[in-house]
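One letter stands for each residue in the lines below.
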Amino acid sequence: MKTGTCRCDNRIFFDNHTCVSCEASLGRCTVCDSLTSFTQRKNRLRCDTCEVQAYPCINQEHGICQCYNAKPGQLCVWCAYTRVIPPLDQPESIQRWSRMESAKRRLLLQLKDLGLPPFVGDTAEEYPLLFEFREDSVDENGNPQKVITGHQNGLITINLKEADSVHRETLRVQLGEPQRTLIGHMRHEVGHYIDWSWAMRVAKGRYHELFGDPDAIDYSEAMKRHYESGPPADWADQHVSAYATMHPWEDFAETVNVYLDIMAIATTSNALAGKKLDLSADADHRKLVQAVLKIVIEVSEYNLDLGLLPLLPEQLSPAVLDKLAFIHELRSAKKAEPVA
Ligand SMILES: [Zn+2]
Ligand SMILES: [Zn+2]
Ligand SMILES: [Zn+2]
Ligand SMILES: [Zn+2]
């Protein structure tokens, strides 16, 4: 993640709220789009970067957000992407919601940096992206209403329980996943959104060549088969994860997830380690992946020293590298005529 600079020259990290050195209020100014410090003068708060008078996003009242707007009493641009929030009478739900919003903000800022939908051209208007964070509940007849995490027509639904680390780790072990994180969920689901809103319109032919034709494979049958018989033994030759073998849609979403992981590592490495990796849409993606893999090997060793998981557990076969290069190319794709 990119960092910012406090008025005292201290570095500001994504989740910081107060400067540990000068105690300034820190946050994201949505006017100048920077991670910055704010100065309080006579009941007024001013952004130290663009000097605009700043007002907290109304979700700061719940400790959810770190953004400041030019007008009072408003949600920030990032919080406005959430359509449904959990009931606010349970402190535990608010904590979980806060983790969701933080991961969502991380995701959206990254997409904006990369120029991937919803920020490309008029995609945002034609194919709006929204989030809802819901809890399992019971209806009026006493029937359990389970929330399924997924994407449909631009709406990403995430079960609030996923923000609970015990629940997530239990599922991770049960499903044999190498890692299961909130940001990973966000990146996977937005992969479905990019598939639906962008990839199928601008590069359908190449998509079919790499991932297969999603319309030719019945999704529910594919899911049944996957959970009954598991992935093929040689799945890693062609796919980035075992789950990706289930259906072309899941293959695409899993690939987007790993593409965004790789780009996040590269961005952080530029911000913190002074690397000068070219992250633009025109960059040679294979070179970039090689540079990131060097970082991954090194940081994974630190992680393993402490008994943590490797930084990026996925194996990237030549076929997977082709798929990742395709996701990279989508960033510079031109808008095609809408598919009839
Ligand atoms: Zn400071
Ligand atoms: Zn500003
Ligand atoms: Zn906000
Ligand atoms: Zn999926």
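Residues numbered from 1 in each chain as written. Chains lettered and ligands numbered in written order. Predicted model: local features only at pLDDT ≥ 70, side-chain atom pairs only at ≥ 80, totals over all residues. Heavy atoms only, no water.

- The name given to the chain in an unreviewed UniProt entry is Zinc-binding metallopeptidase, with the source organism recorded as Rhodopirellula halodulae.

### What about the coordination of the zinc ion (ligand 3)?
Next, step 1: Taken together, the protein ligands of the zinc ion (ligand 3) are Cys57 (SG), Cys65 (SG), Cys76 (SG) and Cys79 (SG), with distances of 2.3 Å.
Next, step 2: Given four donor atoms and angles of 105 to 117° at the metal, the environment of the zinc ion (ligand 3) is assigned as tetrahedral. (Donors = N, O, S within 2.8 Å, 3.2 Å for Na, K, Ca; no water. Tetrahedral: all angles 85-135°; square planar, octahedral: opposite > 155°, others 65-115°.)

### As for the environment of Glu51
Next, step 1: Mapped onto the secondary structure, Glu51 falls in the loop between strand S5 (44–47) and strand S6 (55–56).
Next, step 2: C-alpha of Glu51 to C-alpha of Val166: the two residues are 115 residues apart in sequence and 43 Å apart in space. (Helix = DSSP H or I, 4+ residues; strand = E, 2+ residues; numbered from the N terminus.)

### Observations concerning the environment of Pro128
Next, step 1: Within the secondary structure layout, Pro128 lies in the loop between helix H2 (123–126) and strand S9 (130–134).
Next, step 2: Along the primary structure Pro128 and Ser197 are separated by 69 residues, whereas in three dimensions their C-alpha atoms are 8.9 Å apart.

### Thoughts on the coordination of the zinc ion (ligand 4)
Next, step 1: Only His188 (NE2), His192 (NE2) and Glu250 (OE) from the protein reach the zinc ion (ligand 4) as donors, at distances of 2.0 to 2.1 Å.
Next, step 2: Sequence spacing of the donors to the zinc ion (ligand 4): H-x3-H-x57-E. Of this pair, His192 sits in helix H4 (residues 182–202) while Glu250 sits in helix H7 (residues 248–272); the two residues are 58 residues apart in sequence, bridging distant segments of the chain. For the pair formed by His192 and Glu250, the shared burial category is buried. (Buried < 20%, exposed > 50% of the residue type's maximum accessible area, 1.4 Å probe, protein only.)

### Some remarks on the UniProt feature "domain: Zinc-ribbon" (unreviewed entry) in the chain
Next, step 1: Mapped onto this structure's residue numbering, the UniProt feature "domain: Zinc-ribbon" (unreviewed entry) falls at residues 5–89.
Next, step 2: Annotated as residues 5–89, this span is 0% helix and 33% strand, and its ends, taken at the C-alpha atoms, are 36 Å apart. (UniProt positions renumbered as here; feature names shortened; annotations may be inferred.)

### Let's talk about unusual backbone geometry
Next, step 1: Although it is not a glycine, Lys42 sits at a positive phi angle of roughly 45°.
Next, step 2: A relative accessible area of 83% places Lys42 in the exposed class.
Next, step 3: The backbone phi angle of Asn153 is positive, close to 45°, even though this residue is not glycine.
Next, step 4: Locating Asn153 in the fold gives a position in the loop between strand S12 (150–152) and strand S13 (155–159).

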